Amino acid sequence: MSKQRLHRNVVIIGSGPAGLTAAIYSARANLKPLLVDAPADAEKHTVPGGQLMITTDVENYPGFAEGIQGPDLMVEFRKQAERFGTEFLETWIDKVELQERPFTLHTSDHEIKAETLIIASGASAKWLGIPGEAKVPAGLGGHGVSACATCDGPLPAFRNKPLVVVGGGDTAMEEATFLTRYASRVFVVHRRNKLRASKIMQDKAFRNQKLEFIWDTAVEEILGTPADGVTGVRLSNLKTGQQQIFPCSGVFIAIGHKPNTELFKGQIETDDVGYIKTSGHSTATNIPGVFASGDVQDSVYRQAVTAAGTGCMAALDAERFLDHLPVMMPSGEEITMEGEHITPDHEVIITPDGHMIPNKIGSATPRD
Ligand SMILES: Cc1cc2nc3c(=O)[nH]c(=O)nc-3n(C[C@H](O)[C@H](O)[C@H](O)COP(=O)(O)OP(=O)(O)OC[C@H]3O[C@@H](n4cnc5c(N)ncnc54)[C@H](O)[C@@H]3O)c2cc1C
C-alpha cells in the first residue's frame, strides 16, 4: 500500500509542553501546524502528552495555585492547541531527511513534507527496569517513584520521610542533595564503592549530614501499594549477595537522561550526549528551517515551564523563517519580505534601491 502524502508549513514532533506550546502559537498565527506524537507504548515509556503524563502532582507550573495533576495539565495544553486548529497525528516518525527543504518525514503510513520542522521530542529518564518502577497500575511510578527530584521532592508525600536515591553520578548527587531539604534522611544506593560524580559534587554530598551512602548495592525491587505509596526497597549487596528490605517512603531514580534524538543522528548537530545544539538566544539548529525546543535541547533545566517557553520561541522562529522566504512571481523572479528581487536564474539579488548583488557564495561585492 502506498503511503499517504502530506505537505505542511509547520510540522512539530512531540506533544509534551514544548510541542503543544509551539502548536498553540503557530496555529494562532494561521500556520496550520501538524503535530505528530508517538502512541502510548508501555515498553517504550511513551504516552501522548509527554513526560508529565507519568507524574501526579505538578505544583510548580505557574497559573495553578493549588497545583494540577500532570495528565490534567496536558489535556488543557492539548485542548488549547486544538482550539486554534492544530492537526494531530498519533504515530511514530521513524525516519527524517533533513538534507533539503521541504524536509521529508516518514511514518509507517505517511510521507510528510515540512517547510519548517520543530523538534520537541523530549528526553527520557533512564530507568532500572525493576519490579515496582513502572507507572501505576503496573508499578508505583507517580506514587512514590520518580525520576525528577526538582519536580516531586517538595511534595507532601516525601516531606520528613526517608528517601532512596539510586545512582552515583552528578545527577544523583544533585538530586540527593536537593532532597535533603525536605526528607528526614536520604540514602544514596550505588552499585560501586566510589562515585562517578565530579569532585566538587562529591565533596558537597559527603559534607551533607542528612546524606548516607549504601555502597556496592543494587535496588532489586520497589515495594508498596498504590494506596500506601512506597514502603521500602529490596536491596542486594553485589559483593556478598546478601539481601535486605530497606524501609523508605520514596525512590528517586537518578541514573541520567537520554535525549530522544536517535532519529536525527548524523543529520543535525548535537552535543556529546545527543542534546540538539541551538544557536544563541534562539531555537535555530544548524539546519535552516529546523528548530528544537524543550528537553531535547536542554540538559540543564528540564522543566515543563522552560519546555513551554522554548516551544513558544520555536513557533515564533519558524513563523519568522517562513515570512522571510522569497515568494515566487509568475515571471519566475522571487521577491523577499525585504522587497529584494532574485532573478529567475538565482544569479543576482536586486535591492529595493536598485543595487545588484551577486547571489553566490564568496562574491559579496555589489556589481552596479
Ligand atoms: C516523573 C516526572 C515528573 C515530572 N514532574 C515535573 C513537575 O512537577 N514540574 C515540571 O516543571 N516538570 C516536571 N517534569 C519534567 C517535565 O515533564 C519535562 O521537562 C517536560 O515534559 C519536557 O517537555 P518536552 O515537551 O520537551 O518533552 P516531553 O514531555 O518528553 O514530550 C516529548 C514527546 O515526544 C514524543 N516523541 C519522541 N520521539 C518521537 C518520535 N520519533 N515520533 C513521534 N513522537 C515522538 C514522546 O513520545 C513524547 O510524547 C517531570 C518529569 C518526570 C519524568
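Residues numbered from 1 in each chain as written. Predicted model: local features only at pLDDT ≥ 70, side-chain atom pairs only at ≥ 80, totals over all residues. Heavy atoms only, no water.

**Some remarks on the packing of aromatic side chains**
Applying the stated criterion to the full structure yields eight aromatic pairs. Seen from their ring centres, Phe187 and Phe246 are 4.9 Å apart, and the 75° between their planes marks the pair as edge-to-face. Of the two residues, Phe187 sits in strand S12 (residues 185–189) while Phe246 sits in strand S16 (residues 243–247), which places them 59 residues apart along the sequence. No difference in accessibility class separates Phe187 from Phe246, as the two residues are buried. When the centroid spacing of 6.1 Å and the interplanar angle of 75° are considered together, the rings of Phe291 and Phe321 count as edge-to-face. Taken together, the residues span a long stretch of sequence, with Phe291 in strand S19 (residues 290–292) and Phe321 in helix H6 (residues 304–323) at a distance of 30 residues. On the basis of relative accessibility, which here comes to 5%, the residue Phe291 falls in the buried class. The positively charged end of Arg28 is found above the aromatic ring belonging to Phe84, 5.4 Å away from the centroid. One Lys or Arg, Arg78, reaches over the ring of Phe88 and ends 3.9 Å from the middle of that ring. (Phe/Tyr/Trp six-rings, centres within 6.5 Å; stacked < 30°, edge-to-face > 60°. Helix = DSSP H or I, 4+ residues; strand = E, 2+ residues; numbered from the N terminus. Buried < 20%, exposed > 50% of the residue type's maximum accessible area, 1.4 Å probe, protein only. Lys NZ or Arg CZ within 6 Å of the ring centre and 35° of its normal.)

**Points about the side chain of Thr217**
In this structure, Thr217 sits in strand S14 (residues 217–225). Look at Thr217 and you get buried, because its relative accessible area is 6%. Side-chain polar atoms of Thr217 contact the backbone oxygen of Trp215, separated by 2.6 Å. Dropping the residues within four chain positions of it, Thr217 is found in contact with Val189, His190, Arg191, Leu235, Ser236, Asn237 and Leu238. (Polar contact = N/O pair within 3.5 Å; in protein donor to acceptor, adjacent residues only side chain to side chain. Contact = heavy atoms within 4.5 Å.)

**What about the environment of Glu175?**
Residue position: Glu175 is located in helix H4 (residues 170–179). When its relative accessible area of 11% is taken as the criterion, Glu175 is described as buried. Here the alpha-carbon distance between Glu175 and Thr351, two residues 176 residues apart in the chain, equals 56 Å.

**Concerning the state of the cysteines**
Summed over all chains, the structure comprises one disulfide. The partner cysteine of Cys148 in its disulfide is Cys151, sulfur to sulfur 1.9 Å. The disulfide joining Cys148 to Cys151 has a torsion of about 65° about its S-S bond and is therefore right-handed. Judged by relative accessible area, which is 18%, Cys148 ranks as buried. (Disulfide = S-S within 2.5 Å.)

**Structural notes on the nonpolar core**
In this structure, Ile12, Tyr61, Leu73, Phe77 and Ile118 are the most contacted members of the largest nonpolar core, which totals 25 residues. Of all the elements, H6 adds the most residues to this core, at six residues. Look past the residues within four positions of Leu73 in its chain and what remains in contact with it is Leu52, Val58, Tyr61, Phe64 and Ile68. (Core = buried A, V, L, I, M, F, W, Y, C linked by side-chain atoms within 4.5 Å.)

**Quick word on the confidence of the model for the chain**
Mean pLDDT over the chain works out to 91, with 96% of the residues at or above the 70 mark. Counted against residues more than four places away or in other chains, residues 364–368, with its pLDDT under 50, gives eight contacts. (pLDDT = per-residue confidence, 0-100.)

**Overview of the site of the ligand**
Taken together, 32 residues are adjacent to the ligand, and Gln51, Asn60, Cys151, Asp295 and Ala304 come closest. Contact between the ligand and Pro17: an oxygen atom at 3.2 Å from a main-chain N or O atom of the residue. The contact in question runs from an oxygen atom of the ligand to an N or O atom on the backbone of Asp295, over 2.8 Å. In isolation the ligand exposes 1000 Å². Once the protein is present, 96% of that is buried. The set of elements that each furnish at least two residues to the shell around the ligand consists of helix H1 (17–28), helix H3 (149–152) and H6. Class assignment of the residues belonging to the shell around the ligand gives a composition of 15 nonpolar, 13 polar and four charged. (Near = heavy atom within 4 Å. Areas by Shrake-Rupley, 256 points an atom, 1.4 Å probe, with all protein chains shown as cover. Nonpolar A, V, L, I, M, F, W, Y, C, P; charged D, E, K, R; others polar.)

**Structural notes on helix H2 (residues 70–83)**
One full turn of an α-helix is made of 3.6 residues, so residues set three or four places apart face in the same direction. With 14 residues, H2 should cover 20 Å at 1.5 Å per step; its first-to-last C-alpha distance of 20 Å lies within 8% of that length. Against H1, strand S3 (57–58), strand S4 (68–69), strand S5 (87–90) and H6 lie the buried residues of H2. Note on H2: the residue one or two positions beyond its end, Gly85, has a positive phi of about 100°. (Expected span 1.5 Å × (residues − 1).)

**Considerations on the sheet that holds strand S15 (residues 229–237)**
Two pairing modes exist for strands in a sheet, parallel and antiparallel, and in both the strands are linked by backbone hydrogen bonds. One open sheet holds the three strands; their spatial order is S14-S15-S16, and the pairing between them is antiparallel. Either end of the sheet is taken by a strand with one partner, and the two such strands are S14 and S16. Each neighbouring strand pair of the sheet contributes to a mean axis angle of 25°, computed without reference to strand direction. When S15 meets S16, the two strands line up antiparallel, connected through five bridges. Counterpart to Gly232 in the pairing with S16 is Pro247. (Pairing = 2+ DSSP bridges. Axes fitted to C-alpha atoms, helices over the stretch in contact; angles between N-to-C directions.)

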